[in-house]
Structures are given as C-alpha cells and as structure tokens.
Amino acid sequence: IVVAGLTVGHIALAAQRWALGIAALAIGGPLVFVLGRAISGLDRRWIVLVPAGVVVVAAMTLTAPVLLPRERVADIVIAPAEQKAGTLDLRMGSLAGSVALLLLPAGTFSKRSGRNGSETVEASCLVVTPLRARIVVPAVRAHLRRRPRV
C-alpha cells in the first residue's frame, strides 16, 4: 500500500491521466505518511546484549528501552503458547518465534497505553519476538553466563 501510494500518482501523471494522477497523489501522500510512520515503528524492536545484561527495545509497546541486569535474568526460553499471570507481552500480535525472558525478582515496566498514555506494569516475564528466536536464545544464555570485564 505504501509503495502504491508513492507510485500510482506519478505513473498516472506520466501517462497524462491528469485527474487520476492528481487524485492518487492527494490520497496517496497522506496515506504514505501515516502508514510509513506506523511501519517504521515496527522495526524498532530489539534485544541488545550489553556488558551489564540485556536491553529490550520495543518502541511501540514500552515507553523507553529497558535494561535487564544480568543478575535479574533467570533464563530465556522459547515462549510457551499460553502465558501465565505476571507476563508482559510485547509481541503486538505476532506469535511465531517468541521468546520469554524470565526475571527474578519481578520488575516494574512502563508500558504504552493508547497514543500518549502509559501504565506501570509489574512482570516476572517479558515475551518478545526477535527476528531469529532459535539463534537469540543460546546467544543470550551464553552472554548471561559470561562474566563482564572490569
């Protein structure tokens, strides 16, 4: 839809179909702006390994990136289909390839609520969807076992 919004108007104008071209540009321009912005937010979801632990970045669900110190991450596993109480689900509907970061003790997180609001949530498990869950799980486990250099 975004690509069509960018191209249809220009192609119609190049073919000298003035009414169609102008209408497509008038509708497609704002559509590209709105949809492009929504799609760009989806690619800002990361699990970052840092010396202090693991950072979870989920710009559309968390108000800020969250540092999970290595001492607080008990384990990372492939997420089960059913989530238990105390789970903060950051997947936004995607199910395949989800991982669960198990925390000890539970932490407090600021989750987005609506467009500008937020709510504080207590959770002992964070469920996220990285690009390659089967690679992320062993990588995070190895990272958490490693002692940071001082």
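The following refers to the structure shown. Note that the coordinates shown come from a computational prediction; the quantities given were computed from them, not determined experimentally.

Quick notes on the rules
Once a new chain begins, its residue numbering starts again from 1 and follows that chain's sequence as written. Where totals are concerned, whole chains, interfaces and linings use all residues; where local detail is concerned, this predicted model gives features only for residues with pLDDT of at least 70, and gives and counts side-chain atom pairs only at 80 or more. Side-chain measures were taken over the full set of non-hydrogen atoms in the model, leaving aside hydrogen atoms and water. A run of DSSP states H or I qualifies as a helix once it reaches four residues; a run of E qualifies as a strand once it reaches two. Both are numbered from the N-terminal end. Contacts described as polar in this section are N or O atom pairs within 3.5 Å, which, within protein, must combine one atom able to donate a hydrogen with one able to accept it, while residues neighboring in sequence count only if both atoms come from side chains. Contacts between residues were defined by any pair of non-hydrogen atoms, one from each residue, lying within 4.5 Å. Basic side-chain nitrogens of Lys or Arg form a salt bridge, by our definition, when they fall within 4 Å of a carboxyl oxygen of Asp or Glu. Any two strands with at least two DSSP-identified bridges between them are counted as paired. For every element, the axis is a line fit to its C-alpha atoms; helices are fit only across the contacting stretch, and the angle between N-to-C directions ranges from 0 to 180 degrees. What is meant by a nonpolar core is a set of buried Ala, Val, Leu, Ile, Met, Phe, Trp, Tyr and Cys residues, joined one to another through side-chain atoms within 4.5 Å. Classification of residues uses two cut-offs on accessible area relative to the type maximum, computed with a 1.4 Å probe and protein chains only: under 20% is buried, over 50% is exposed, and between them is partly exposed.

Our focus in this paragraph is the side chain of Thr129. Looking at where Thr129 falls in the secondary structure, it is placed in the loop between β7 (117-128) and α3 (133-145). Looking at Thr129, its side chain comes within polar contact range of the side chain of Ser98, at 3.4 Å. Not counting the four nearest positions on each side in its chain, Thr129 is found in contact with Arg91, Ser94, Ala96, Gly97 and Ser98.

Under the counting rule described, the total for this entry stands at two salt bridges. As a salt-bridge pair, Asp89 and Arg91 come within 2.7 Å of each other at their nearest N and O atoms.

Turning our attention to the sheet that holds strand β1 (residues 45-50). Read from one edge of the open sheet, three strands run β1-β2-β3, paired in antiparallel fashion. Both edges of this open sheet fall to β1 and β3 (66-69), since each of them pairs with a single strand only. On average, each strand axis in the sheet is tilted by 20 degrees relative to the strand beside it, whichever way the strands run. Two elements, β1 and strand β2 (residues 53-58), share six bridges in a ladder whose sense is antiparallel. Bridging across to β2, Val50 finds its partner in Gly53. Lying over the sheet, α3 contacts β1 and β2, oriented at roughly 30 degrees with respect to β1.

In this section: the nonpolar core. Val56, Leu62, Leu68, Leu88, Leu90, Phe109 and Leu126 are the most contacted members of the largest nonpolar core, which totals 23 residues. Sorting the residues of this core by element identifies β2, β3, β4 (73-78), β6 (99-113), β7 and α3 as the ones contributing at least two each. The element best represented in this core is α3, accounting for five residues.

It is worth spelling out the environment of Glu122 at this point. Mapped onto the elements, Glu122 comes out in strand β7. Relative accessible area serves as the criterion here: at 51%, Glu122 is assigned to the exposed category. Taking the C-alpha atoms as reference points, Glu122 and Ala106, separated by 16 residues in sequence, lie 6.6 Å from one another. Leaving out residues up to four positions away in the same chain, Glu122 has contacts with Ala106, Gly107 and Thr108. Within the local environment of Glu122, its side chain forms a polar contact with the side chain of Thr108, the two groups lying 3.0 Å apart.

Let's shift gears to the sheet that holds strand β5 (residues 87-89). Read across the sheet, four strands follow the order β4-β6-β7-β5 without closing on themselves; strand pairing throughout is mixed. Two strands close off the open sheet at either side, each with one partner strand: β4 and β5. Adjacent strand axes in the sheet meet at a mean angle of 60 degrees, parallel and antiparallel pairs treated alike. Both β4 and β6 contribute to a ladder of five bridges, which runs antiparallel. The residue bridging Val73 from the neighbouring strand is Leu103, located in β6. Packing against the sheet, α3 makes contact with β4 and β6, and its axis sits at approximately 160 degrees to β4.

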